[in-house]
There are 2 protein chains.
Amino acid sequence: MGLPKEVTITEVCPRDGFQTLPGEVPTDVKVDIINRIFECGFKQVEVTSFVHPKAVPQMKDADEVLKRINRPEGVTLRALIPNLRGLERAIEAKVDKVKLMLSATDSHSLNNANAKTFDAMKDFEAIVKRAETTDVKVGASISVAFGCPYEGPVPIERHIEICKRYEQLGITEISLADTTGMATPVNIKLVVSTLKEKFPSFHFSLHLHNTRGMAFANAVAGLEEGIVDFDSSVGGLGGCPYAPNASGNIASEDIIHGFEEMGIKTNVDLDKVIDVAKHLRELFPEQIDSFILKAGKNSDLHIAPGKQKKIGE
Amino acid sequence: MGLPKEVTITEVCPRDGFQTLPGEVPTDVKVDIINRIFECGFKQVEVTSFVHPKAVPQMKDADEVLKRINRPEGVTLRALIPNLRGLERAIEAKVDKVKLMLSATDSHSLNNANAKTFDAMKDFEAIVKRAETTDVKVGASISVAFGCPYEGPVPIERHIEICKRYEQLGITEISLADTTGMATPVNIKLVVSTLKEKFPSFHFSLHLHNTRGMAFANAVAGLEEGIVDFDSSVGGLGGCPYAPNASGNIASEDIIHGFEEMGIKTNVDLDKVIDVAKHLRELFPEQIDSFILKAGKNSDLHIAPGKQKKIGE
């Protein structure tokens, strides 16, 4: 199948997960969960987003969280930012990398950032310039890249246009996000192969949601196109407002289990991830759900019944 | 991706689904559901299994169900049988095709059929000979083909051995079943490509469970290997006793939605399937679950908010 031997899984639960929780999660609890996530061996963790507390109240203690978490060596702390103010907070909080928020379609961008896609990019040049004066790296994203809940399919020309702008800005690390789980392996392959060909110096990653049951298939399609970076969320925490009870982020334990079963190294300790997921399930029983939590690993074998019951006629 | 343009989806809810329901489903209800399934356009339906009522009490009215359902032209009625007695009942009930039950591993076979794999095949020659005197076609299956809950991985040599025996018996239609959802795209591709190469006259289909979230990825792997026949169950009805609360059969609405979104024709009316799934959810709320039931189709677009709320700082 021409699959990569090794991939990097970025844990996004502290950002994409926590922001969907109803009510307030105490800072202490957040810090403890993030520290447990570090123990699993993830090399990159999206620890928070620096957005306005009125927009995402669950992230209002972002600065405090960043002050108190451990900072294991070799682990990249990434934060999502919507604008220059977010960057300043990220610099102050000493994150390693920021990810710029952007939607592929104008409708989604208007809803999420109060501006059309290219208007929402206006700030990006100043962000890049400011970041260059620091050690903070800048990556970016394209949300609803594989389908928009308002507009449906996203034409490939749109991605090319957006990436050209990113190229002008010197941003080459792009997270392609299936924000509402509308991707299929066919459009994953089309988008990834086209963009990789047109922007050979870019590094693309995939952020997949399992809203319509295709996330793992989409991950495999990504692998087949040479993608080696994937986001996921422990316990599957994190959904999407357009389908309130549906599955959200692909669960870290599910993608890690699947990849490892396929012989692809993730360098994350699956058992520790499952332990964190179980811990999260105790804290947020309504929000935590994953296949591996319910079914166990392939390697969790059952004991063959010694005394066979008679079945059949 | 070299995908087939068209596939056949076999609806297995009346067999694999009903057999897992707790309590008794009235014959009337079964007949009504099967008739609704026919209305969706499925060209093959696994309507029941002719097993001993003590082994699977939910199937004790199989003969009566077959007497009372509609028989739309061009639809193949398939039934699972464990032995010669099952065949006689299937002939009497005028099904079009029987599917022989068989497990890839001795442990699973002992548990399911009270005999090791090759011992369980002893009856098969008599079954084939008897069926040849009728219009009933004989297909077969290999359960736990991609992983056994007792033994783990199944060596490819085992499948070759089993298929050789099927070849001697003149049985060439084989359902490869991921009974407990342990398959990955890698072993789907290995098993399917190897068996197709060694048994070029065989017709293989895939029966996939979503126990560990990989069913759709496995279906896509099957497509890539030229598989054009897939089983699925409306509303995802049908689980596996080894993981009681886990997902079971891939839901018909999920696989049909995914395939159609990939441009692959299923010739089944997805909206009607969703209606049947909703009907089943009313009848069996605890047992029915699918991604599309919760999230809707990709094409169910949302109305972009006219007045945008301000987000970001």
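I will try to describe carefully the structure that is included in this document. (Residues numbered from 1 in each chain as written. Chains lettered and ligands numbered in written order. Predicted model: local features only at pLDDT ≥ 70, side-chain atom pairs only at ≥ 80, totals over all residues.)

**A look at the overall build of chain A**
Check the secondary structure of chain A and you find 13 helices and 8 strands. Principal-axis analysis of the C-alpha atoms places the extent of chain A at approximately 75 × 45 × 35 Å. Partitioning the contacts of chain A with sequence separation of at least 6, the portion at a separation of at least 24 is 72%. (Helix = DSSP H or I, 4+ residues; strand = E, 2+ residues; numbered from the N terminus. Contact = placed C-beta atoms within 7 Å.)

**Some thoughts on the interface of chain B and chain A**
Listed per partner, the contact involves 57 residues of chain B and 57 residues of chain A. Across the side of chain B that touches chain A, the residue classes tally to 26 nonpolar, 23 polar and 8 charged. (Nonpolar A, V, L, I, M, F, W, Y, C, P; charged D, E, K, R; others polar.)

**Regarding the relation of the copies chain B and chain A**
Rotating chain B by 180° and translating it 0.0 Å along the rotation axis places it on chain A, where the RMSD comes to 0.0 Å. Each copy turns onto its partner about a two-fold axis. No C-alpha of chain B lies nearer the rotation axis than that of B:A217, which sits 1.9 Å from it. A high fraction, 100%, of the interface residues of chain B reappear at the interface in chain A, so the copies pair face to face through one surface. (Least-squares fit on C-alpha atoms with pLDDT ≥ 70 in both.)

**Some thoughts on the sheet that holds strand β8 (residues 229–232) of chain A**
Residue and element names in this part refer to chain A. With parallel pairing, the 8 strands of this closed barrel are ordered in space as β1-β2-β3-β4-β5-β6-β7-β8. Shown here is a sheet whose adjacent strand axes are inclined to one another by a mean of 30°, direction ignored. Here helix α11 (residues 252–261) sits on the sheet and contacts β1 (8–11) and β8; the angle it forms with β1, its principal contact strand, is near 175°. (Pairing = 2+ DSSP bridges. Axes fitted to C-alpha atoms, helices over the stretch in contact; angles between N-to-C directions.)

**Remarks on the packing of helix α9 (residues 185–198) of chain A against helix α10 (residues 215–224) of chain A**
Residues and elements named next belong to chain A. At a closest axis distance of 8 Å, the pairing of α9 and α10 adopts a crossing angle of 30°. Relative to α10, the element α9 lies roughly parallel. α9 and α10 meet at a crossing whose hand is right-handed. On α10, the residues touching P185, I188, K189 and V192 of α9 are A217, N218, A221 and G222. (Parallel < 35°, antiparallel > 145°, perpendicular 65-115°, else oblique. Left-handed = near helix turned anticlockwise from the far one by under 90°.)

**A closer look at the sheet that holds strand β6 (residues 173–178) of chain B**
Residues and elements named next belong to chain B. Strands sit in the order β1-β2-β3-β4-β5-β6-β7-β8 around a closed barrel of 8 strands; the barrel is parallel. Neighbour to neighbour, the strand axes of the sheet diverge by 30° on average, direction disregarded. Across the sheet, helix α4 (residues 84–92) touches β3 (76–81) and β4 (97–100), and the angle it forms with β3 is around 155°.

**Digging into unusual backbone geometry**
The phi dihedral of A:N267 is positive, around 60°, even though this residue is not glycine. Position of A:N267 among the secondary structure elements: in the loop between α11 and α12 (270–283). One non-glycine residue with positive phi stands out, namely B:V144, at about 40°. Within the fold, B:V144 resides in the loop between β5 (137–142) and α8 (156–169). By the C-beta count within 10 Å, which is 25 here, B:V144 ends up buried. (Buried ≥ 20, exposed ≤ 12 C-beta atoms within 10 Å, placed from the backbone.)

**Remarks on the environment of B:R71**
Residues and elements named next belong to chain B. Along the polypeptide, R71 turns up in the loop between α3 (62–68) and β3. Here R71 falls in the exposed class, since 10 other C-beta atoms lie within 10 Å of it. For the pair R71 and F38, spaced 33 residues apart in the sequence, the C-alpha separation amounts to 8.5 Å.

**Quick look at the pairing of strand β5 (residues 137–142) of chain A**
Residues and elements named next belong to chain A. Across 4 bridges, the pairing between strand β4 (residues 97–100) and β5 is parallel. Considered in β5, the bridge of V98 is made with V138. Where β5 lies against strand β6 (residues 173–178), 3 bridges are found, and the strand directions are parallel. Looking across to β6, one finds that I142 is bridged to L176. In this fold, β5 hands off to helix α8 (residues 156–169), which returns the chain to β6; that crossover is right-handed. (Right-handed = clockwise from strand over helix to strand, strands pointing away.)

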